[in-house]
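The chain contents come next:
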Amino acid sequence: MSAFKLSTLPLLFLYGTAAASPFVPEVKLYPRAACSGNTATTRSEWCDYSIDTDYTTEVVDTGVTKEYWLELTDVTVAPDGVSRSAMAVNGTIPGPTLYADWGDTVVVHVTNSLTTSNNGTSIHWHGIRQNFTNENDGVVSITQCPQAPGETRTYTWKALQYGSTWYHSHFALQAWEGVAGGIIINGPATANYDEDLGMVFLSDWDHSTVDELWISAELNGPPLLDTGLINGTNVYNDTGSRFNVSFTEGTSYRMRLVNGAVDTHFKFSIDNHTMQVIASDLVPIQPYNTTVLDIGMGQRYDIVVTADQASVADNFWIRAIPQSACSDNDNSDDIRGIVTYADTVGTPDTTGYDYTDSCDDETSNLVPYISKTVGDAATATTNEAADFTTTAAGFFRWTLNSTTMVVDWTDPTLLQVTNEVTDFETDDAVIELPDADVWFYLAITTDRAIPHPIHLHGHDFFVLAQATGTYSSDVTLNLDNPPRRDTAMLPASGYLVIAFKTDNPGVWLMHCHIGWHTSEGFALQFVERYDEIAGITNATTLSDQCTTWTDFQDSEDIDQDDSGI
C-alpha cells in the first residue's frame with residue numbers, strides 16, 4: 001500500500017488522516033484482506049482487478065466498511081498568521097482526509113456543533129456518483145433539509161470509483177469558511193510511483209469571512225481576496241508559515257491536487273520539475289507530462305513528480321498562481337509552498353515556468369484510460385444560456401435560460417418527489433429525464449466574458465465540445481472517447497457541450513462552482529427517472545430531518561437570503 005508523507009501545519013491546520021472526534025472513542029477502520037499488486041512497480045494492479053477494469057460496468061465489493069465521525073465547529077484560526085473566525089471539521093482546515101479502498105462502503109456520521117454561528121449544514125461528497133443512493137448526496141434544498149445545530153446525520157455510500165476527491169458543505173457559503181476535506185479511494189493507477197503524499201488543497205483566503213463578503217459580492221461582483229493557502233497554510237506580511245514537503249533524489253511522488261477555492265482559477269507548478277498527470281477528477285487517464293497545470297474550482301488532478309533536481313538546488317517553489325483573467329487576488333505571486341531536498345527547509349531562489357495568464361481547461365490533454373464511445377442523444381440537444389441580471393434591490397443574480405434557481409431549505413426536491421409532487425416551480429430550474437439508460441446532451445452557452453467551472457452531481461459527464469465562440473448544431477462533437485469528468489470549464493464567451501447516460505435515478509444538481517455564483521442562482525437540477533426515486537429513498541428520515549430544521553429555522557427566525565444551495 002502507499003506510504004503517506006504528511007507535513008505538519010500550524011495551529012488548527014494539522015493535515016492528516018481522519019481521526020475520531022473527542023465525543024467518540026475511535027474511528028473504526030476495517031482493513032481489507034491482503035492481496036497482491038499495487039506496489040511501487042505495479043500500480044496498475046489492484047487485487048483481482050487492475051487499471052483495465054471498467055468501474056462503470058463492473059462493481060467491486062470488498063465487503064469492508066470504513067466508518068468516520070466528523071464534527072463541525074466554529075473556530076478562530078490564523079492560517080497565514082492573521083487571525084479570523086472560521087469553521088472547521090474535527091478542529092482542522094482542511095478537514096481530515098477520509099480513506100477507503102475501491103469497493104468499500106463508507107459510513108460518515110456528521111455532527112453539527114456550529115452553535116456560535118447558528119448555522120445549518122450538509123456535507124456533499126464531491127464527485128462520488130451516489131449510484132442509487134441519491135439521498136446521501138448532501139445538498140440542501142435538493143436532497144435534504146439543512147442539518148440543525150446539535151443534530152447528527154449519517155451518510156452511507158459505496159466507493160464505486162477510485163482516486164482523489166473531496167467533501168465539502170453544501171449550505172450557503174460554508175464550504176469556504178473551512179468545511180471541506182479530502183477523500184482518497186485507493187485503487188490502481190496509470191503510472192508507477194514510489195510514495196503517496198496525499199491531498200494538496202489549493203484555496204483562496206480572505207481576512208474577512210465569505211459570509212462577511214457576501215453582500216458586497218452580490219451588490220458589486222466578486223471581491224478582491226487577500227491571499228491563498230496551500231493545504232491550509234501560507235505567509236502574509238512576514239507572518240504564518242509555508243506548506244513544505246521533503247523530496248529524496250530519485251524517488252517519485254504522487255500528489256492529489258484539488259482546487260477548493262471560492263473564486264480562483266489556479267495554474268499549479270513546481271519550479272524545475274515536470275508533472276506527469278495520471279487522473280482528472282475521478283477518471284484515470286493516459287499519462288501526459290506538463291510543467292504548468294490549469295485547475296478550475298472543484299477540479300482535481302493526480303500528478304506524479306520525480307525528484308530529479310537535487311543537483312540544481314536544495315529548495316524549489318511550489319506555485320499556485322491565480323489567473324487574473326478570471327480571478328481577483330491581492331497576493332497572487334506569493335501563494336507558494338516549498339519542495340526541499342535538504343534536511344532543513346530554506347527559502348528557494350528558483351524561477352517559475354513561463355505561462356500565459358488564462359482560465360483554460362486541460363481538455364485537449366485528457367484521454368480516459370478506459371475508452372468509451374458516446375451514443376446518439378435520445379432527444380435534441382438541450383441548450384441552456386448563462387447570463388446575469390440584477391434584482392430590483394440591485395443584487396446580481398445568474399440565470400440559465402432566464403431562470404435563477406431559488407430552492408427552499410425546508411422543501412427539498414427529493415421531499416417533493418416522495419410526496420408525489422409532479423409540477424415543479426419555475427425557479428426550481430428542473431429538467432426532467434424520465435427514461436432510463438438513454439443519452440442526454442446539454443449545451444451550456446454564454447455571451448459574457450466570464451468562464452465558469454460547471455459541476456454535475458450523480459454522474460461523470462463526457463465533454464463533447466468546449467470553445468470560445470457561438471454554439472450551433474454545426475459544431476463538431478467528439479463522441480470517440482472524449483474526456484469525462486464531473487467538473488469542466490465553460491469558456492468565457494463560449495460554450496460547453498456535455499453528455500451523460502440516464503443510469504442513476506435521483507435529483508441531481510448541476511451548478512457553477514464559483515461560490516458567489518452558486519449562491520446567486522447559477523444552477524439547474526435534473527429529476528432523473530422520477531418513478532424510481534421514491535422507492536430508493538428513506539422518506540421517514542428525510543421528512544424527520546426537515547421537520548427538525550423547519551422548527552429550528554422558525555424558532556431562531558432565520559431567513560434564507562440566497563439560492564438555497
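The structure under discussion appears in the preceding block.
Reading the values: rules and limits
Residues numbered from 1 in each chain as written. Predicted model: local features only at pLDDT ≥ 70, side-chain atom pairs only at ≥ 80, totals over all residues. Heavy atoms only, no water. Helix = DSSP H or I, 4+ residues; strand = E, 2+ residues; numbered from the N terminus. Buried < 20%, exposed > 50% of the residue type's maximum accessible area, 1.4 Å probe, protein only. Contact = heavy atoms within 4.5 Å. Areas by Shrake-Rupley, 256 points an atom, 1.4 Å probe, with all protein chains shown as cover. Pairing = 2+ DSSP bridges. Axes fitted to C-alpha atoms, helices over the stretch in contact; angles between N-to-C directions. 1 Å grid on protein atoms, 1.4 Å probe; cavity = no way out; pocket = protein on both sides within 12 Å on 5 of 7 lines; lining within 4 Å. Points joined across faces, edges and corners; volume = space filled by probe spheres on them. Nonpolar A, V, L, I, M, F, W, Y, C, P; charged D, E, K, R; others polar. Polar contact = N/O pair within 3.5 Å; in protein donor to acceptor, adjacent residues only side chain to side chain. Disulfide = S-S within 2.5 Å. Phe/Tyr/Trp six-rings, centres within 6.5 Å; stacked < 30°, edge-to-face > 60°.

**Student:** If you had to explain the overall build of the chain to someone new, which residues and values would you point to?
**Tutor:** Helix and strand counts for the chain come out as five helices and 34 strands. By the burial criterion, 62% of the 565 residues in the chain qualify as buried. A separation threshold of at least 6 residues defines the contact pool for the chain, and within that pool the share at least 24 residues apart is 79%. In the structure as shown, the chain presents an accessible area of about 19800 Å², 46% of it carried by carbon and sulfur atoms.

**Student:** With reference to specific residues and values, describe the sheet that holds strand β5 (residues 95–101).
**Tutor:** Either a parallel or an antiparallel arrangement is found when strands of a sheet pair, and the pairing is made through backbone hydrogen bonds. Pairing in this open sheet of four strands is mixed, and the strands run β5-β10-β9-β7 from one edge to the other. Edge positions in the sheet fall to β5 and β7 (123–126), since each has one partner strand and no second. Put simply, the sheet's adjacent strands are angled 20° from each other on average, direction ignored. The pairing of strand β9 (residues 163–169) with strand β10 (residues 180–186) spans six bridges and is classified as antiparallel. Along β10, the bridge assignment pairs Tyr167 with Gly181.

**Student:** Mind laying out empty space enclosed by the protein, listing which residues take part and the relevant values?
**Tutor:** Under the definition given, this model contains eight cavities of 30 Å³ or more. The volume enclosed by the largest cavity comes to roughly 250 Å³. In terms of lining, the largest cavity is formed by 23 residues, of which the most central are Trp176, Ser203, Asp204, Trp205 and Gly260. Of all the secondary structure elements, the ones that give two or more residues to the lining of the largest cavity are β11 (195–205) and α1 (210–220). It is β11 that contributes the most residues to the lining of the largest cavity, four residues altogether. Class assignment of the residues belonging to the lining of the largest cavity gives a composition of 13 nonpolar, six polar and four charged.

**Student:** Describe the pairing of strand β23 (residues 336–340), listing the residues and the values that go with them.
**Tutor:** Of all five residues that make up β23, five are buried, and the element is covered over most of its length. Residue alternation in β23 divides its side chains into two sets, Arg336, Ile338 and Thr340 and Gly337 and Val339, and both sets are buried. As defined by bridge partners, strand β15 (residues 244–246) adjoins β23 across three bridges and the pair is classed as parallel. Bridge pairing links Val245 to Val339 in β23. For strand β22 (residues 315–322) and β23, the ladder comprises five bridges, and the chain directions are antiparallel. Note that in β23 the partner of Arg319 across the bridge is Arg336.

**Student:** Give me the side chain of His126: which residues, what numbers.
**Tutor:** Checked against the element boundaries, His126 lands in strand β7. Judged by its relative accessible area of 0%, His126 falls in the buried class. At a separation of 3.4 Å, a polar atom in the side chain of His126 contacts the side chain of His168. Separated by 3.5 Å, the side chains of His126 and Asp486 make a polar contact. When sequence neighbours within four positions are dropped, the list of residues in contact with His126 reads Thr165, Trp166, His168, Gly298, Arg300, His455, Asp486, Thr487 and His513.

**Student:** For the sheet that holds strand β26 (residues 430–433), give the residues involved together with the corresponding values.
**Tutor:** The sheet built from five strands is open, its strands ordered β26-β34-β33-β28-β31 with mixed pairing. With one partner strand each, in any of the chains shown, β26 and β31 (487–490) form the two edges of the open sheet. Adjacent strand axes in the sheet meet at a mean angle of 20° when their direction is disregarded. Relative to strand β34 (residues 523–528), β26 is paired through four bridges, and the arrangement is parallel. Across the sheet, residue Ile431 finds its bridge partner in β34, namely Phe526.

**Student:** Just give me the short version of unusual backbone geometry, but keep the residues and values in it.
**Tutor:** Of note, the amide linkage connecting Ile93 to Pro94 takes the cis form, showing an omega dihedral of -5°. Its place among the elements puts Pro94 in the loop between β4 (84–89) and β5. Phi angles above zero are rare outside glycine, and Gln130 is one such case at about 55°. The phi torsion at Ser141 lies on the positive side, around 70°, for a residue other than glycine.

**Student:** Give me the state of the cysteines: which residues, what numbers.
**Tutor:** The tally for this structure, following the rule as stated, stands at two disulfides. Residue pairing for Cys145: its cysteine sulfur links by disulfide to Cys546, the two sulfurs lying 2.1 Å apart. Taking the sign of the S-S torsion, about 100° here, the bridge from Cys145 to Cys546 comes out right-handed. Residue Cys145 is located in the loop between β7 and β8 (152–158), and its partner Cys546 is located in helix α5 (residues 539–556); the two are separated by 401 residues in the primary sequence.

**Student:** Outline the packing of aromatic side chains, supporting the account with residue identities and numerical values.
**Tutor:** Both the distance between ring centres and the angle between the ring planes are used here to describe each pair of aromatic rings. This structure, assessed with the given rule, holds 22 aromatic pairs. Between Trp166 and Phe201, the ring centres sit 6.1 Å apart and the planes meet at 70°, which makes this aromatic pair edge-to-face. With Trp166 in strand β9 and Phe201 in strand β11, the pair connects residues that are 35 residues apart, well separated along the chain. Judged by its relative accessible area of 1%, Trp166 is buried. Between Phe440 and Phe526 the ring centres are 5.5 Å apart and the planes differ by 75°, which places this aromatic pair in the edge-to-face class.

**Student:** Can you tell me about the layout of surface pockets, naming the residues and giving the values?
**Tutor:** In this structure, the largest pocket encloses a volume near 380 Å³. The class makeup of the residues in the lining of the largest pocket is six nonpolar, five polar and seven charged. In this structure, the second largest pocket spans a volume of roughly 330 Å³. Along the wall of the second largest pocket there are 21 residues; nearest its centre are Pro222, Asp263, Trp398, Ile450 and His517. Mapped by element, the contributors of at least two residues to the lining of the second largest pocket are β25 (396–400) and α3 (515–519). A class-by-class count of the residues in the lining of the second largest pocket yields 14 nonpolar, four polar and three charged.

**Student:** An account of the pairing of β8 is requested, with residue identities and associated values reported.
**Tutor:** Residues Arg153, Tyr155 and Trp157 of β8 are buried on one face, while the alternating residues Thr152, Thr154, Thr156 and Lys158, pointing to the opposite face, are not. Strand direction decides the pairing type here: strand β6 (residues 105–113) and β8, joined by seven bridges, are antiparallel. Paired with His109 across the strands is Thr154, a residue of β8.

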